[in-house]
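Chain residues, written in single-letter form:
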Amino acid sequence: MAELADEFYESAERVKIPKDRIGVLIGKDGETKRYIEEKTGVELRIDSKTGEVEIRPTERVKDPLDLIKAKECVLAIGRGFSPERAFRLLREEDASLEVIDLYELVGRNPKALERQRARIIGREGRTRQLIEELSGADVSIRGKTVALIGTPRQLQVARKAIEMLASGAPHGRVYRFLEDQRRKMKREKLRLWKDSEPPDIL
């Protein structure tokens, strides 16, 4: 890979996360912060008073994507994911973070927001769990946002299910949609696997 320009190392990403998530980002004895830094090569500068996090590349960063991955991981923890679930962004090359603002789907009525949040979570968290199981995406619901971690295809399916629920679709219809998409994704995966098989040697 070509050397990165000096300007890249002089740049930094700045994000803000809820102050009550700062301790989770740092982790016990700083282990979560340290893991993100070691995996991506960045330096995290955390302001515990404001919730601001500066993500600064060091000379250990060899791919600009590492800076993006570190930023997404910080934001994922800020949106309620446990570090273990957020680390999926660092383990899987094609995994990314998507944050859905429920206000954009249900308007700014607090009662409507709470009602649709409850529909997405489901009784004892069952609906959220089914979205995860059938789409393959990880889901975190916090405040007015629903955060998703997954591959582009998984995010597409999970996002559609969230939008259906937020628009008032019956849970049964959403579950059928998810089951149908699950079957389609399995077929797509099988087709890709078959296409990648070496040809038979006669």
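What comes next concerns the included structure. Starting afresh in each chain, residues are numbered from 1 along the sequence in its written order. For a predicted model such as this one, the threshold for reporting local features is a pLDDT of at least 70, and the threshold for listing and counting side-chain atom pairs is 80 or more; totals across whole chains, interfaces and linings nevertheless cover every residue. Note: side-chain values were computed over all heavy atoms of the structure, leaving out hydrogens and water.

**Description of the overall build of the protein**
- Each helix and strand in the protein was counted, giving eleven helices and six strands.
- With the C-alpha coordinates of the protein rotated into their principal frame, the extents come out at 65 × 50 × 30 Å.
- Here the term buried applies to any residue with accessible area under 20% of the maximum for its type, exposed to any over 50%, and partly exposed to those in between, with areas from a 1.4 Å probe on protein chains only. Counting the 202 residues in the protein, one finds 42% classified as buried.
- A positive count includes Lys and Arg, and a negative count includes Asp and Glu. His and the chain ends are not counted in either. Every charge is mapped to an atom, namely NZ of Lys, CZ of Arg, CG of Asp or CD of Glu. Between the centroid of the 42 positive side chains of the protein and the centroid of its 37 negative side chains there is a distance of 9 Å. Secondary structure elements follow DSSP: runs of H or I no shorter than four residues count as helices, runs of E no shorter than two count as strands, and numbering proceeds from the N terminus.

**What about helix α3 (residues 31-40)?**
- Within the span of α3, buried status applies to Thr32, Ile36, Glu37 and Thr40. Down the axis, α3 shows its buried residues gathered within 135° of arc, on one side only.
- Should any heavy atoms of two residues lie within 4.5 Å, those residues are counted as being in contact. Against the buried residues of α3 lie α2 (22-26), β2 (42-47), α4 (64-78), α5 (83-86) and α6 (88-91).
- Two residues or fewer after α3 comes glycine 41, characterised by a positive phi angle close to 85°. Think of it as the arc spanned by the lines of direction from the helix axis to the C-beta atoms.

**Description of the sheet that holds strand β1 (residues 13-16)**
- The sheet built from three strands is open, its strands ordered β1-β3-β2 with antiparallel pairing. Two strands in the sheet have a free side with no partner beyond their single neighbour: β1 and β2. Shown here is a sheet whose adjacent strand axes are inclined to one another by a mean of 20°, direction ignored. Should DSSP find at least two bridges between two strands, the strands are taken to pair. Interaxial angle, 0 to 180 degrees, is taken between N-to-C directions of lines fitted to C-alpha atoms, where a helix line uses only the stretch in contact.

**Looking at the packing of helix α8 (residues 110-121) against helix α9 (residues 126-135)**
- Two elements in contact, α8 and α9, have axes whose closest approach is 5 Å; the angle formed by their N-to-C orientations is 55°. The angle between α8 and α9 places the two elements in the oblique class. Across from Arg119, Ile120 and Ile121 in α8, the residues of α9 making contact are Arg126, Thr127, Arg128 and Ile131. Roughly parallel means an angle under 35 degrees; roughly antiparallel, over 145; roughly perpendicular, 65 to 115; everything else is oblique.

**Considerations on the pairing of strand β6 (residues 145-150)**
- With six of six residues buried, β6 lies mostly within the body of the structure.
- Going residue by residue along β6, you find Thr145, Ala147 and Ile149 tucked away on one face and Val146, Leu148 and Gly150 tucked away on the opposite face as well.
- In the sheet, strand β4 (residues 96-101) pairs with β6 via six bridges, with the strands oriented antiparallel. The residue of β6 that forms the bridge with glutamate 98 is leucine 148.
- Where strand β5 (residues 138-142) meets β6, five bridges bridge the pair, whose relative direction is antiparallel. When the bridges of β6 are listed, arginine 142 appears paired with threonine 145.
- Connecting the antiparallel pair β5 and β6 is a turn made up of two residues, with glycine 143 showing a positive phi of about 60°.

**Description of the sheet that holds β6**
- Taken in spatial order, the three strands of this open sheet run β4-β6-β5, and their pairing is antiparallel. Of all the strands in the sheet, just β4 and β5 have a single pairing partner and so form its edges. Taking the axes of each pair of neighbouring strands and ignoring which way they run, one obtains an average angle of 20° across the sheet.
- Against the sheet, α4 makes contact with β4, β5 and β6, and its axis sits at roughly 45° relative to β4, the strand it touches most.

**Here we look at the packing of α9 against helix α10 (residues 152-166)**
- At a minimum axis distance of 9 Å, the contact between α9 and α10 shows a crossing angle of 150°. The orientation of α9 relative to α10 falls into the category roughly antiparallel. Handedness of the crossing formed by α9 with α10: right-handed. Along the contact surface, α9 presents Thr127, Ile131 and Ser135, while α10 presents Gln154, Val157, Ala158, Ile162 and Leu165.
- Gly counts as polar in this scheme, as do all residues outside two lists: the nonpolar Ala, Val, Leu, Ile, Met, Phe, Trp, Tyr, Cys and Pro, and the charged Asp, Glu, Lys and Arg. Classifying every residue of the contact of α9 with α10 gives five nonpolar, three polar and no charged. Handedness of a crossing follows from how the near helix is turned relative to the far one, being left-handed for an anticlockwise turn of less than a right angle and right-handed for a clockwise one.

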